[in-house]
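Chains, contacts and geometry: an overview
Residue strings, one per chain:
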Amino acid sequence: ATGLRQAIVRAVPISMKKAIGIGIGLFLAIIGFVDAGFVSRNSADPVPVALGTGGHLRGFPVVLFALTLLFTGFLVLRKMKGALLIGILVSTAIAVAAKAIWGDAAGFKPWEVVLPSSPVAMPDFSQLGKFEFGFFSALGAATAALTVFSLMLSDFFDTVGTVVAVGQEAKYVDAEGN
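Residues numbered from 1 in each chain as written. Predicted model: local features only at pLDDT ≥ 70, side-chain atom pairs only at ≥ 80, totals over all residues. Heavy atoms only, no water.

This brings us to the environment of S150. With respect to the helices, strands and loops of the structure, S150 is situated in helix α6 (residues 141-169). S150 sits in the partly exposed class, given a relative accessible area of 40%. Reaching out from S150, the side chain makes a polar contact with the backbone oxygen of T147 at a distance of 2.9 Å. (Helix = DSSP H or I, 4+ residues; strand = E, 2+ residues; numbered from the N terminus. Buried < 20%, exposed > 50% of the residue type's maximum accessible area, 1.4 Å probe, protein only. Polar contact = N/O pair within 3.5 Å; in protein donor to acceptor, adjacent residues only side chain to side chain.)

If you want it as structure tokens, here you go:
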């Protein structure tokens, strides 16, 4: 309504918009590497991650990760439409099948592959509409307001980076990054 959002987005240089998108991609990649077991958290060393578990790559999840990465990369190189979605669906199907066949022996952590009890179920709406602002009294008004502001700012620039990155792929972004 005020045009403030658009003014802020236009004020950010295109190089910074691209860098935000790249940073988000790298952040998501490291989360994926850790969840796949390809790298693990390392608290004993200044480097925050280490290769595999204890310096070793082992287990079905790591093999599935590597094969999925290669398969999806192959599809992307072949410029197949929906390559990322196809890679996700194929690896999910393989993981679910491995869990159904081998159970916990497949090497997945208990929370990684959870087979649904029913293929169709009603979503849980018990938390819908339940808001609690008790953190204002717990943190104090100034600290709570700064926390909310910093989260909003982070989310705002995350959205800017994502929109620009997706917009560039869809060829909706002009030379100035708008």
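Another point: helix α2 (residues 14-36). In a regular helix each residue adds 1.5 Å, so 23 residues correspond to 33 Å; α2 covers 33 Å between its end C-alpha atoms and thus fits that length. Within α2, burial applies to K17, I20, G21, V34 and A36. Lining the buried residues of α2 we find α1 (4-11), β1 (39-41), β2 (49-51), α3 (60-77) and α6. G37 lies just past α2 and shows a positive phi near 85°. (Expected span 1.5 Å × (residues − 1). Contact = heavy atoms within 4.5 Å.)

Turning our eyes to something else, we now look at the packing of α1 against α6. The contact between α1 and α6 brings their axes to 11 Å, and the two run at 65°. As for the relative orientation of α1 and α6, their crossing is right-handed in sense. Across the interface between the two elements, R5, I8 and V9 of α1 pack against F156, F157 and V160 of α6. In the contact of α1 with α6, the residues fall into 5 nonpolar, no polar and 1 charged. (Axes fitted to C-alpha atoms, helices over the stretch in contact; angles between N-to-C directions. Left-handed = near helix turned anticlockwise from the far one by under 90°. Nonpolar A, V, L, I, M, F, W, Y, C, P; charged D, E, K, R; others polar.)

A separate point is the packing of aromatic side chains. Tallying each qualifying case throughout the model produces 3 aromatic pairs. Centroid distance F33 to F65: 5.5 Å. Interplanar angle 90°. Geometry classified as edge-to-face. Residue F33 is found in helix α2, and its partner F65 is found in helix α3; the two are separated by 32 residues along the sequence. We classify F33 as partly exposed; its relative accessible area is 28%. Geometrically, the ring pair formed by F156 and F157 is edge-to-face, given 5.3 Å between the ring centres and 90° between the ring planes. Since its relative accessible area comes to 22%, F156 is described here as partly exposed. Since its relative accessible area comes to 26%, F157 is described here as partly exposed. (Phe/Tyr/Trp six-rings, centres within 6.5 Å; stacked < 30°, edge-to-face > 60°.)

So, on to the packing of α2 against α6. For the pair α2 and α6, the least separation of the axes is 8 Å and the interaxial angle reads 95°. As far as their axial angle goes, α6 and α2 are roughly perpendicular. For the pair α2 and α6, the contacting residues are I14, K17, K18, I20, G21 and I24 in the first and F157, D158, V160, G161, T162, V164, A165 and Q168 in the second. Taken together, the residues that form the contact of α2 with α6 break down as 7 nonpolar, 4 polar and 3 charged. (Parallel < 35°, antiparallel > 145°, perpendicular 65-115°, else oblique.)

With that settled, the discussion passes to the confidence of the model for the chain. As a general rule, the predicted coordinates of low-pLDDT regions are not to be interpreted in detail. Scored by pLDDT, the chain comes out at a mean of 82, with 88% of its residues at no less than 70. Here β2 stands out as the element of the chain with the lowest mean pLDDT, 72, in contrast to α3, whose mean of 90 is the highest. (pLDDT = per-residue confidence, 0-100.)

This next bit is on the environment of V173. Tracing the backbone through its elements, the reader meets V173 in the segment after α6. Judged by relative accessible area, V173 falls into the partly exposed class, the value being 23%. For the pair formed by V173 and V163, sequence separation is 10 residues and the distance between their alpha carbons is 9.5 Å. With residues near it in sequence (within four places) discarded, V173 still touches V164, G167, Q168 and N178.

Positioned with a positive phi, K79 is a non-glycine residue whose angle comes to about 55°. Counting through the fold element by element, K79 comes out in the loop between α3 and α4 (83-102). Phi is positive for K171, close to 65°, though the residue is something other than glycine.

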